[in-house]
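The primary structure of each chain is shown beneath.
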Amino acid sequence: SGLKAATRASAAEPVDLRTLFRQSEFRSLHPPLNGETKHVVNARSLATMKPTAYIINTARGGLIDEAALLAAVRAGQIRGAALDVLSAEPPPPDHPVLSELLKEERIFITPHFAWYSEEAMIDMRAKAADEVVRVLGGQTPRSPVNRKPSSTCAARKLCSSACTRYSPRCTTTAPSPIACIKV
């Protein structure tokens, strides 16, 4: 597979999550938030990390147990963290843990826009336009939100009742009539 080839080419060694936490100097999080990944960074995983390690989270706030992170940084279990996402955004000023995270100088927090650059904005607009063209051309979206629409999907009903006269290949899979624009 591509991952195996990339791993061989970079001399990286695949390891389990426990080993990754134990050996990493910088642990950057990128998974989606779901039942398996919620609080993947917790008191237990933080306790296995090097005292010189940093956690970086630009994915989802719920990946980190923020109370455990704060305790680990203050106890010197890890050196610090950089967070572009929090469990509550914006953080309420009266939230006991989040307000303490904001005060901790070894935890750097950005307001969830670290992705921003002029190049990223241009790329985002171009990709959005490409997706509209794909859908209006009868192709399926590259990253649909609802991969298996239900029979009660409002967009599917709209599409099947109104859109077929415009585009017989209507394939909308998200609850939005965007694909039913006349082509």
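Definitions and cut-offs
- Think of each chain on its own: its residues are numbered from 1, step by step along the sequence as written.
- Note on the predicted model: pLDDT of at least 70 is required for a residue's local features to be given, and 80 or more for side-chain atom pairs to be given and counted; whole-chain, interface and lining totals, by contrast, use all residues.
- In computing side-chain values, all of the structure's heavy atoms are included and hydrogens and water are not.
- Within this document, salt bridges are pairs made up of a side-chain nitrogen of Lys or Arg and a carboxyl oxygen of Asp or Glu, the two lying within 4 Å of each other.
- To qualify as a helix, a DSSP run of H or I must reach at least 4 residues; to qualify as a strand, a run of E must reach at least 2; elements of each kind are numbered from the N terminus.
- Relative accessibility under 20% of the residue-type maximum defines a buried residue, over 50% an exposed one, and the middle range a partly exposed one, all with a 1.4 Å probe and only protein chains included.
- Here the expected span of a helix is defined as 1.5 Å times the quantity of residues minus one.
- Pairing between strands is defined by DSSP: at least two bridges between the two strands are required.
- Axis definition: a line fit to C-alpha positions, over the contact stretch in the case of helices; interaxial angles, taken between N-to-C directions, run 0 to 180 degrees.

**Student:** What is the right way to read the pattern of salt bridges from this model?
**Tutor:** Note that side chains of opposite charge can pair when their charged atoms are close. Tallied over the full model, the rule gives eight salt bridges. Here Arg74 makes a salt bridge to Glu104, at a shortest N to O gap of 3.3 Å. Placement of Arg74 in helix 4 (residues 66–75) and of Glu104 in the loop between helix 5 (96–103) and strand 4 (107–109) is noted, with a sequence separation of 30 residues between them. A relative accessible area of 42% means that Arg74 is categorised as partly exposed.

**Student:** I keep staring at helix 6 (residues 118–136) and nothing clicks. Help me out?
**Tutor:** Residues spaced three or four apart along an α-helix point in a common direction, a consequence of the helix completing one turn every 3.6 residues. Compared with the 27 Å implied by 1.5 Å per residue over 19 residues, the 27 Å span of helix 6 between its first and last C-alpha is a close match. Every buried residue belonging to helix 6 is among Met121, Arg134, Val135 and Leu136, and all of these are buried. In the stretch just after helix 6, Gly138 is the one whose phi turns positive, near 90°.

**Student:** How do you make sense of the sheet that holds strand 1 (residues 26–29) when you look at a structure like this?
**Tutor:** The pairing of strands in a sheet happens through backbone hydrogen bonds and is either parallel or antiparallel. Spatial ordering of the open sheet is given by 1-2-3-4, a layout of four strands whose pairing is parallel. Both edges of this open sheet fall to strand 1 and strand 4, since each of them pairs with a single strand only. Here the average twist between neighbouring strands, direction ignored, is 10°. Relative to strand 4, strand 3 (residues 80–83) runs parallel, the two being bridged by three bridges. Bridging from a neighbouring strand, Ala81 pairs with Ile107 of strand 4.

Don't take any of this as a statement about function, it's just geometry.
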